[in-house]
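# Overview (structure and organization)
Here's the letter readout for the chains.
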Amino acid sequence: MAVTIEDLYRSYGVLADAKDNLSQHKDAYQVILDGVKSGPKEKRLAAQFIPKFFSSFPELADAAINAQLDLCEDEDVSIRRQAIKELPRFAAGDNILRVADILTQLLQTDDTAEFNQVNAALVSIFKMDAKGTLGGLFSQILQGEDIVRERAIKFLSNKVKTLPEDVMTKEVEDYIFAETKKVLEDVTGEEFVLLMRVVSGLRVLQTVNGRQQLVELVVEQAFLEQALNPADPDTVDRLLQCTRQALPLFSKNVHSTRFVTYFCDHVLPNLSALTSPVAELDIQLEVLKLLAEMSPFCGDMEKLEANLNMLFTKLLEFMPLPPDEVENGENSASEEPKLQFSYVECLLFAFHQLGKKLPDFLLDKVDAERLKDFKIRLQYFARGLQVYIRQLRVALQGKTGDALKTEENKIKVVALKITNNINVLIKDLFHNPPSYKSTVTLSWKPVQKTEAVAPKRPSSEEMGGSTKKPVSPQPRRDARQIYNPPSGKYSATIGNFNYEQRGGYRGGRGRGFGARGARGRGRIY
């Protein structure tokens, strides 16, 4: 015979009045448990009554939890929400792990309100017993269905950073780090980014030693001991993801040496062959940006001269000879070589940073003919640079506030940063001997409080003894033509300044960081 509303209220009254003698009324509690087999109204009442007296009947604990779980899977969403809302009341003592495991599995719901209810319940039990809750979460991350794993990782990524210090104790943070290392043995690219966000925010890892441990985690994922296959987009994607995660960890005490060395050994030689994991991503510019950002934090290098030589060689590729210097007349006056400012800024900056470690490289390690060729290219590039800088200053003159926020003017502002940066670095290299003392902020990095005034054009002495007059923005018809883009139109390489794919792994699961097979497990309450 089905339990009625009246039966439930009668049993509730018996238990409520029993006070210290609750354990003597086991039959009344059993009636409430049986209420989960009745109609919708009885189920809603049972969802509230079962947890209220749960702690008084330890011998019925399993039956009570199972009854509540039946309600958590009811066809009526309102009953499910009510049952989920009450689940934290079962999370006492040894039950915390089981309740956390159950709630984690319930994250797979597609109902938004229900999903939010599960999140709230997880946060609630997290504050009761953080380590126990984490045990349930990590159990499902390691063994649960893919959808549960995915949402459990996102829960950790979003919620852990919001919890107070009295919840996130050192013991709890150590546990998160230890369990995360287990999960990282088999992850996708997106999971890797989310898990690194979790551990990099832990207070216990904010020391130099802690950040070094995080770098070691990333190094393991990056496979820096293996040669790069530039034709495999997944391999390239892995390297990009890992480098992006490592970048914020580098400092004067936590070095980027292994990454910079890998880029010089394996990435730069294959730069033109790299296959982009994302169609609209300029993969060459992206890896050069990463190399430039890492270079200031590079420590002692075993192959410093070889790495500088690779940077030097690659720099020459992006710095063309003047048209009348090109052999066999490959370029005519009407077909000027393009000056790829964005690429050159990255390479020149990285060369400048590593050059500080071997300041005599250009004088002692580069033969005279090659050095002469380099200076000719630098001189030509610097002259073309002056044209750009003048045009950009004229275009931006008098513009403030909203006028600078248009897309066109944003591009021009960054283009001016790029060209000014290159100008400063070229001027350093034209010193005799070459200097590595100037400091610039990369064009895509946040604006510093004090913006350096744009440097003057290198003098004729610094430009290799040339006695030619400075080139004006609109040279005379009979003057030698220097690459001069139409006013208001800028090359695509400059326009790429605002594309930064930070942690943006794209694609389905199983791609990028190890093809994790789909799991066929159901709920394992």
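Because the structure is predicted, anything quoted here is derived from the model rather than measured. (Residues numbered from 1 in each chain as written. Predicted model: local features only at pLDDT ≥ 70, side-chain atom pairs only at ≥ 80, totals over all residues. Heavy atoms only, no water.)

With that out of the way, let us pick up the overall build of the protein chain. Counting its regular elements, the protein chain contains 21 helices and zero strands. In the protein chain, which comprises 525 residues, the share counted as buried stands at 50%. Across the protein chain, contacts joining residues at least 24 apart in sequence account for 76% of those joining residues at least 6 apart. (Helix = DSSP H or I, 4+ residues; strand = E, 2+ residues; numbered from the N terminus. Buried < 20%, exposed > 50% of the residue type's maximum accessible area, 1.4 Å probe, protein only. Contact = heavy atoms within 4.5 Å.)

Evaluation of the coordinates by the stated rule reveals 14 aromatic pairs. Considering the side-chain rings of Tyr-12 and Phe-53, the 5.4 Å spacing of their centres and the 65° angle between planes classify their relative orientation as edge-to-face. Taken together, the residues Tyr-12 in helix α1 (residues 5-18) and Phe-53 in the loop between α3 (40-52) and α4 (61-72) connect sequence positions 41 residues apart. Residue class for Phe-53 comes out buried when judged on its relative accessible area of 5%. Taken together, a centroid distance of 6.1 Å and an interplanar angle of 35° make the contact between Phe-312 and Phe-351 tilted. With Phe-312 in helix α16 (residues 304-318) and Phe-351 in helix α17 (residues 341-355), this pair connects stretches of sequence that are 39 residues apart. There is no split in this pair, since Phe-312 and Phe-351 are both buried. (Phe/Tyr/Trp six-rings, centres within 6.5 Å; stacked < 30°, edge-to-face > 60°.)

Two numbers describe how helix α2 (residues 26-34) lies on α3: the axes approach to 8 Å, and their chain directions differ by 140°. For the element pair α2 / α3, the angle class is oblique. The crossing of α2 and α3 is left-handed. Only Ala-46, Phe-49 and Ile-50 of α3 make contact with α2, whose side of the interface consists of Tyr-29, Ile-32 and Leu-33. For the contact of α2 with α3, the per-class residue count stands at six nonpolar, no polar and no charged. (Axes fitted to C-alpha atoms, helices over the stretch in contact; angles between N-to-C directions. Parallel < 35°, antiparallel > 145°, perpendicular 65-115°, else oblique. Left-handed = near helix turned anticlockwise from the far one by under 90°. Nonpolar A, V, L, I, M, F, W, Y, C, P; charged D, E, K, R; others polar.)

We now examine the packing of helix α10 (residues 170-183) against helix α11 (residues 189-200). Contact geometry for α10 and α11: axes closest at 10 Å, N-to-C directions at 160°. Classified by the interaxial angle, the pair formed by α10 and α11 is roughly antiparallel. Considering the relative orientation of α10 and α11, their crossing is left-handed. Across the interface between the two elements, Ile-176, Phe-177, Thr-180 and Val-183 from α10 touch Leu-195, Val-198 and Val-199 from α11.

Side chains that are nonpolar tend, in soluble globular proteins, to be buried together. With 156 residues, the main nonpolar core has Tyr-29, Ile-50, Leu-103, Leu-362, Phe-374 and Ile-426 as its most contacted residues. If we ignore the near neighbours within four places in the chain, the residues touching Phe-374 are Phe-312, Leu-315, Leu-316, Met-319, Leu-362 and Leu-429. (Core = buried A, V, L, I, M, F, W, Y, C linked by side-chain atoms within 4.5 Å.)

On to the pattern of salt bridges, then. One pass over the structure, following the stated rule, counts 23 salt bridges. The partner of Arg-149 in a salt bridge is Glu-191, with the nearest N and O atoms 2.9 Å apart. Separated by 42 residues along the polypeptide, Arg-149 in helix α9 (residues 146-159) and Glu-191 in helix α11 bring together distant segments of the chain. When the shortest N-O distance is used, the salt bridge between Arg-258 and Glu-216 registers 2.5 Å. (Salt bridge = Lys/Arg side-chain N within 4 Å of Asp/Glu carboxyl O.)

Right, let's get into the environment of Val-254. When you line up the elements, Val-254 lands in the loop between α13 (233-246) and α14 (257-267). Between the alpha carbons of Val-254 and Gly-299 there is a distance of 8.6 Å; along the sequence they are 45 residues apart.

A few words now on unusual backbone geometry. Note the cis peptide between Asn-432 and Pro-433, where omega equals 0°. Looking at the secondary structure, you find Pro-433 in the loop between α20 (407-429) and α21 (492-495).

Its 29 residues give helix α19 (residues 368-396) an end-to-end C-alpha distance of 41 Å, which sits within 8% of 42 Å, the value for a rise of 1.5 Å per residue. Two to three positions downstream of the cap, the backbone nitrogen of Glu-369 sits 3.2 Å from a side-chain oxygen, assigning the N-cap of α19 to Asp-367. (Expected span 1.5 Å × (residues − 1). Polar contact = N/O pair within 3.5 Å; in protein donor to acceptor, adjacent residues only side chain to side chain.)

We now examine the confidence of the model for the protein chain. Regions with low pLDDT should not have their predicted coordinates read in detail. Overall, the predicted model of the protein chain reaches an average pLDDT of 84, with 82% of residues at or above 70. In the model of the protein chain, α21 stands out as the element of lowest mean pLDDT, 40, in contrast to α14, which has the highest, 97. In the model, residues 450-512 has pLDDT below 50 throughout and makes 135 contacts with residues more than four positions away in sequence or in other chains. For the stretch residues 515-525, pLDDT sits under 50, and the model shows 35 contacts to residues farther than four places along the chain or on other chains. (pLDDT = per-residue confidence, 0-100.)

Looking now at the side chain of Thr-133. Among the structural elements, Thr-133 can be located in helix α8 (residues 130-143). Among all residues touching Thr-133, those that are not within four sequence positions of it are Ile-96, Ala-100, Leu-122, Ile-125 and Phe-126.

This paragraph deals with α10. Because each turn of an α-helix spans 3.6 residues, side chains separated by three or four positions in sequence point in the same direction. In a regular helix each residue adds 1.5 Å, so 14 residues correspond to 20 Å; α10 covers 20 Å between its end C-alpha atoms and thus fits that length. Looking at α10, one finds that the buried residues are Val-172, Glu-173, Ile-176, Phe-177, Glu-179, Thr-180 and Val-183. Buried residues in α10 make contact with α8, α9, α11 and α12 (208-222).

Inspection of the secondary structure puts Val-14 in helix α1. The class of Val-14 is partly exposed, set by a relative accessible area of 34%. Along the chain, Val-14 and Tyr-29 lie 15 residues apart, while their C-alpha atoms are 9.2 Å from each other. Discounting chain neighbours no more than four positions away, the residues touching Val-14 are His-25 and Ala-28.

Examined against the element boundaries, Pro-277 turns out to sit in the loop between α14 and α15 (283-294). The class for Pro-277 is buried, based on a relative accessible area of 14%. With 37 residues separating them in the primary sequence, Pro-277 and Leu-240 have C-alpha atoms 9.5 Å apart.

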